[in-house]
Amino acid sequence: MIRDEIKGKAWKFGSNVSTDSIAPGRLISLRANPKEYAKHVLEDARPEFARDVKEDDFIVADRNFGCGSSREIAPLIIKEAGVGAVLSKSFGRIFYRNAINNGMLLIECDTDRIADGDELVVDVAGRVIHKKNDPDFAMEFRLSDKEIKIVSEGGLLNYIEKYNSLDI
């Protein structure tokens, strides 16, 4: 379920964070237990992340987040870890579809002016990002109504079940 406003801390990552880094391959046997697998999310890229991430915190990346293999488990364990949204200049396209279809909020935006540890407020309804302690910072982003509807229902299958339709 997506709320109109999400508040959390930015966890900054670089470019080309692959699904192999998000969901470590050596632990692929955990894919049947996303809650357990989420305890290891992004541990190869940033070992403290899974342990220290708080509910509604944000992953903030440079570009091409989620590139690589089509591991559907990658966005699932990010969501299971409590991440409020992933912000990046661009996403691996299969990762993007898997994330939206599984109810994970992704936002394409210019992440250069967001630093690690920044306290962010994402106004989903208004499609703008603010920094909690910087009243001059306001960054607009695009997100389609269709994507918001799918994510709001917890994913595409939940949407179809609720509305008995693919009309979005």
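The model shown is predicted, which means the values in this text are computed figures rather than measured ones.

1. Points about the packing of aromatic side chains
- Following the criterion strictly, the structure yields seven aromatic pairs and no others.
- Where tryptophan 11 meets phenylalanine 49, the ring centres are 5.1 Å apart and the plane angle is 90 degrees; that geometry is what we call edge-to-face. In this pair, tryptophan 11 is assigned in strand S1 (residues 5-12) and phenylalanine 49 in helix H3 (residues 49-52), connecting sequence segments 38 residues apart.
- Ring geometry for phenylalanine 13 and phenylalanine 49: centres 5.7 Å apart, planes at 80 degrees, overall edge-to-face. With phenylalanine 13 in the loop between S1 and helix H1 (19-22) and phenylalanine 49 in helix H3, this residue pair connects regions lying 36 residues apart in the sequence. One exposure class covers both phenylalanine 13 and phenylalanine 49, and it is buried.
- An aromatic cluster of three or more residues is present, and its members are Phe65, Phe91, Phe95 and Tyr96.
- Across from the ring centre of tryptophan 11, 4.2 Å away, lies the NZ or CZ of lysine 9, which sits over that ring.
- Positioned above the aromatic ring of phenylalanine 137, the side-chain terminus of lysine 131 is 4.7 Å from the ring centre.

What counts as what
Residues numbered from 1 in each chain as written. Predicted model: local features only at pLDDT ≥ 70, side-chain atom pairs only at ≥ 80, totals over all residues. Heavy atoms only, no water. Phe/Tyr/Trp six-rings, centres within 6.5 Å; stacked < 30°, edge-to-face > 60°. Helix = DSSP H or I, 4+ residues; strand = E, 2+ residues; numbered from the N terminus. Buried < 20%, exposed > 50% of the residue type's maximum accessible area, 1.4 Å probe, protein only. Lys NZ or Arg CZ within 6 Å of the ring centre and 35° of its normal.

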